[in-house]
Structures are given as structure tokens and as C-alpha cells.
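# Structure at a glance
As a plain string of letters, each chain reads:
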Amino acid sequence: MPKCIFIDTTRCTACRGCQVACKQWHDHEAVPTLQTGTHQNPPDLNPNNFKLVRFSEHKLDGRVHWLFFPEQCRHCQDNPPCKDAADEFLEGAIIIDESTGIVICTEKTKELTKEQCEEIIDACPYNIPRLNEKTKELTKCDMCIDRVHAGLVPMCVKSCCTGAMNFGEREDMLKLADEHLAYVQKTFPDAELLDADFLGVIYLVSHPREMYHEYAKRETHPLNRADFLASVTKPFRNILG
Ligand code: SF4
Ligand code: SF4
Ligand code: SF4
């Protein structure tokens, strides 16, 4: 049965408990931080931060508003573009766990070249995977598959005390997402679920997605194999005629 995380961003207080819990569970190293003019810290996803609470600051109705977006891999349900791209180079580098639908970067990604890893990262519409320069592995959220297989909820969901993060069977999460959406739309009529039809991680946002983050919602459906091949051979077509 496909598993799913539902994230209601309207309930997120940016406490970053989920971000810390993810690091702790995966035994990730601390990353030196700097104040870069925003409370978002670290500035981007990296091999030691599979989860990042993004902050975006806006002036609305004469007041400053913060919008929070707890970013992670979306575990694309059908033909994940990262897996399609990886399969072109090395089968088994990125796999889908059959029993849960979780998309996993395996140790085999170490055998990919840096250029191949960059192509895979480019294929992700949400700009999620990151290359660990030390281990040479591609990294990203694994939906805490060890916990899920043990009957536990992902660590970030476990740590969230506001109800922003929820986990369960996909069908149940879609139902919960629809209920939350109906409630939020009473105050924010333009609220929506992002790409709910084809993702294993569904976000509810109250404001236009571009206000949260450049990659909050992809514009197109997953790239299929033919599209991917066309995209990687495009630079050579002019040369070859
Ligand atoms: Fe938001 Fe929950 Fe994460 Fe806190 S733990 S930042 S409330 S999603
Ligand atoms: Fe792959 Fe990106 Fe989809 Fe995650 S969000 S499964 S990295 S394509
Ligand atoms: Fe991190 Fe697990 Fe949450 Fe993914 S599901 S962001 S790996 S804690």
C-alpha cells in the first residue's frame, strides 16, 4: 500500500523540530551556519539536511508575513523523474520500494559520475537530490523507510506537534488533505493542494505557490523516458544536424 505524508503548511510555525529530528535520526553532521539575512538556515538542502524549513518573507496588506514550507523529497508516485534519469546510466541506483512507494537513492549512486549525478538532479522538478562530495553518493529524504518498515511514522512527522505533518496510507492522507483544504479555503479561497494526484508527499498551501519557493510546484507532469532522452540529446542535435 503506498504511504504518504500530508503537510499542511498553514499549521507550520517554523519551529524546525522536523528539520532537527531528521538530522538526528539519520545521524547527520552539523553544518556550519551563517546569518544570510533570512531565518532559513541552512540556506539550502544538502547531504546533511534532507529536510529544510524554507522561510519566505512578504509584505501583505502593509504587514510582514512569513510563509513556511517544510521542504523534502516528494516521493513521486509514477515514473519518478530522478529514477528515470538514473536508469539511463545505472539500473538500481535509484529504486522504488514496492511495498510503500518510497523512492530511494541506493549506495550504487556512488558508481555514477559527477556529471551523471548532475543530470539526475536536473531531472527532479523539485530540485531535491544533493551530491555528497565526500562519499560520492546522491542523497535525499528516504521517508525514514527503516522506521516505516518497522511500523513507525517518519521522524519528522513524529516530531511535529502542530498537526502540520501527517503520515499514513495514501488514500487516508488524500481524504485528510481534502478536509483541511475545505477548512483553509474558508479564509484563503485560493488555497490548494500541490500536485496531489501524483506525489507521495502532498502540500497544502494558502498562498500562490511561487510565494513559497521556486520549486514548490512543478509546471509539468513527470518526464517520461522519451522526454528525458530528448532533453539529454538536445545539445548535440544542432552539431549533428
Ligand atoms: Fe513546521 Fe511541524 Fe516542522 Fe515545526 S515540526 S517546522 S510546525 S512542520
Ligand atoms: Fe525523485 Fe525529485 Fe520526485 Fe524526489 S521529488 S522522487 S528526488 S523526482
Ligand atoms: Fe527526514 Fe524522514 Fe522526514 Fe524524510 S521523512 S524529511 S528522511 S525525517
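Criteria and thresholds
Residues numbered from 1 in each chain as written. Chains lettered and ligands numbered in written order. Predicted model: local features only at pLDDT ≥ 70, side-chain atom pairs only at ≥ 80, totals over all residues. Heavy atoms only, no water. Helix = DSSP H or I, 4+ residues; strand = E, 2+ residues; numbered from the N terminus. Buried < 20%, exposed > 50% of the residue type's maximum accessible area, 1.4 Å probe, protein only. Contact = heavy atoms within 4.5 Å. Phe/Tyr/Trp six-rings, centres within 6.5 Å; stacked < 30°, edge-to-face > 60°. Domains from an automatic or database assignment. Buried area = accessible area lost by both parts, 1.4 Å probe. Salt bridge = Lys/Arg side-chain N within 4 Å of Asp/Glu carboxyl O. Polar contact = N/O pair within 3.5 Å; in protein donor to acceptor, adjacent residues only side chain to side chain. Arc of directions from axis to C-beta.

### Examining the environment of Leu193
By the secondary structure assignment, Leu193 is in strand S9 (residues 192-194). Look at Leu193 and you get buried, because its relative accessible area is 15%. Filtering out sequence-adjacent residues up to four positions away, Leu193 remains in contact with Phe6, Ala177, Asp178, Leu181, Ile202, Tyr203 and Leu204.

### Some remarks on the packing of aromatic side chains
A full pass over the atoms with the stated rule returns 4 aromatic pairs. Ring geometry for Phe69 against Tyr203: centres 4.1 Å apart, planes inclined by 10°, an arrangement best described as stacked. With Phe69 in strand S3 (residues 63-71) and Tyr203 in strand S10 (residues 201-205), this pair connects stretches of sequence that are 134 residues apart. Taken individually, Phe69 and Tyr203 each receive the classification buried, so the pair is uniform in this respect.

### Points about the domain arrangement of the chain
What the domain assignment lists for the chain is domain 1 (3-74 + 147-211) and domain 2 (81-144 + 220-240). Taken together, the 25 residues of domain 1 in the interface contact 19 residues of domain 2. Of the roughly 1800 Å² buried between domain 1 and domain 2 on both sides combined, carbon and sulfur atoms contribute 64%. It is Pro47, Phe50 and Cys73 that lose the most area in domain 1 upon contact with domain 2, and together they represent 27% of the buried surface on that side. Connecting domain 1 to domain 2 are 2 salt bridges. Here Asp44 and Arg130 are joined by a salt bridge, their closest N and O atoms 3.1 Å apart. Linking domain 1 with domain 2 are 9 residue pairs in polar contact (both at pLDDT 80 or more), by the criterion used here. Of all elements in the fold, only strand S1 (3-8) and helix H4 (145-149) reach the threshold of two or more residues within the side of domain 1 that touches domain 2. Examining the composition of the side of domain 1 that touches domain 2, we find that 3 residues originate from one element, H4, more than from any other.

### Examining helix H3 (residues 114-123)
Listed as buried for H3 are Cys117, Ile120, Ile121 and Ala123. Taken around the axis of H3, the buried residues stretch over an arc of 160°, which confines them to a single face. Residues of H3 that are exposed and angled more than 90 degrees away from the buried face: Glu115 and Asp122. Looking at the buried residues of H3, the elements they touch are helix H2 (81-89), strand S4 (94-96), strand S6 (130-131) and strand S7 (138-139).

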